[in-house]
Amino acid sequence: MIRILIAEHLPLVRRGLLVTLAAEPGLRVVAEAGHAREVVSAARAAEADVAVVDLDLPGEPAAGLLAAHVPRCRVLLLSAAPNPAQVREALAGAALGFMSLCVPPERLADGIRQVAAGQRAIEAELAVAALQCATNPLTRRELDVLRAAAGGARSTEIADELFLSVGTVRNHLSRIMCKTGARNRLDAVRIASDSGWL
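Residues numbered from 1 in each chain as written. Predicted model: local features only at pLDDT ≥ 70, side-chain atom pairs only at ≥ 80, totals over all residues. Heavy atoms only, no water.

**Student:** Is there a simple way to think about unusual backbone geometry in this case?
**Tutor:** For residues other than glycine, phi is negative in most cases, and the peptide bonds are mostly trans. At E47, a residue that is not glycine, the phi angle is positive and equals roughly 50 degrees. In this fold, E47 is placed in the loop between helix 2 (36-46) and strand 3 (50-54). A positive phi angle, close to 60 degrees, is found at F163, a residue other than glycine. Here F163 is to be found in the loop between helix 8 (155-162) and helix 9 (166-180). Look at F163 and you get exposed, because its relative accessible area is 75%. (Helix = DSSP H or I, 4+ residues; strand = E, 2+ residues; numbered from the N terminus. Buried < 20%, exposed > 50% of the residue type's maximum accessible area, 1.4 Å probe, protein only.)

**Student:** Would you mind showing me how to read the pattern of salt bridges here?
**Tutor:** When their charged atoms lie close together, side chains carrying opposite charge are able to pair. Under the defined criterion, the tally for this structure stands at eleven salt bridges. R113 is the salt-bridge partner of D110, the closest N and O atoms lying 3.2 Å from each other. Highlighted residues: D110 and R113, both in helix 5 (residues 105-116), separated by three residues, approximately one helical turn. Given a relative accessible area of 27%, R113 falls into the partly exposed group. Shared partners join several salt bridges into a network, and the residues in it are E24, D110 and R113. (Salt bridge = Lys/Arg side-chain N within 4 Å of Asp/Glu carboxyl O.)

**Student:** Can you help me understand the layout of surface pockets in this one?
**Tutor:** Over the atoms rolls a probe the size of a water molecule, and its path tells where empty space is left. Of the pockets and cavities examined, the largest pocket occupies roughly 330 Å³. In terms of lining residues, the largest pocket is bounded by 22 residues, among which L55, P61, L77, E89 and A90 are the most central. Contributing elements (two or more residues each) for the lining of the largest pocket: strand 3, helix 3 (62-69) and helix 4 (84-92). Sorting elements by how many residues they give to the lining of the largest pocket places helix 4 first, with four residues. For the lining of the largest pocket, the residue count by class is twelve nonpolar, seven polar and three charged. (1 Å grid on protein atoms, 1.4 Å probe; cavity = no way out; pocket = protein on both sides within 12 Å on 5 of 7 lines; lining within 4 Å. Points joined across faces, edges and corners; volume = space filled by probe spheres on them. Nonpolar A, V, L, I, M, F, W, Y, C, P; charged D, E, K, R; others polar.)

**Student:** What should I look at first to understand the packing of helix 7 (residues 140-150) against helix 9 in this one?
**Tutor:** Pairs of packed helices are described in terms of their axes, by the angle between the two and the distance that separates them. The geometry of helix 7 relative to helix 9 is characterised by a closest axis approach of 10 Å and an angle of 95 degrees between their N-to-C directions. Classified by the angle their axes make, helix 7 and helix 9 are roughly perpendicular. Residue-level contacts link R141, E142, V145, L146 and A149 of helix 7 to V169, H172, L173, R175, I176 and K179 of helix 9. (Axes fitted to C-alpha atoms, helices over the stretch in contact; angles between N-to-C directions. Parallel < 35°, antiparallel > 145°, perpendicular 65-115°, else oblique. Contact = heavy atoms within 4.5 Å.)

**Student:** Would you explain the confidence of the model for the chain in this entry?
**Tutor:** A low pLDDT score tells you not to read the predicted coordinates there in detail. Per-residue pLDDT for the chain has a mean of 88; in total, 93% of the residues score no lower than 70. When mean pLDDT is taken per element in the chain, strand 1 (residues 2-7) scores highest with 97 and helix 6 (residues 124-132) scores lowest with 58. (pLDDT = per-residue confidence, 0-100.)

This is the structure we're talking about:
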């Protein structure tokens, strides 16, 4: 019997996962958590084998907390809107699995079984997208400039906000568009958002 912790902040989604997994042979939900601060104590108390964790769970990244404090409890992350960068980051970290909340119930159950056995469990489409996704070519400062631009700020406003000269902001925006292949700053924001860099 695989003992499961469900860590999901939305009660309705958490209940749906509980009901779905209760119908699967060999799986048993033994604990629930609605915040990252609860996952370590819940996993320890219930002796969970696998934690099914919402990527958007409030608090510190739960996968890292579990890896540090309850390493025997393996992690499968779920996301309502996964992007390739999230998948790459999660799998480079403490998670063994990554799936969309849109996955069929039987595929989620199979993924939990794989993770419990110490194997990777990733939806094929997400794995392909993560492999095809380029690594982030933007520097931290370029990302700061692009985030400000994403909010609709003009170059002068970005300069004031980031304590830069207007010329430096324009240089950063030019490099951002060159690195991303964008036609303009809105296109650069779209490309960076789609790639999970922002």
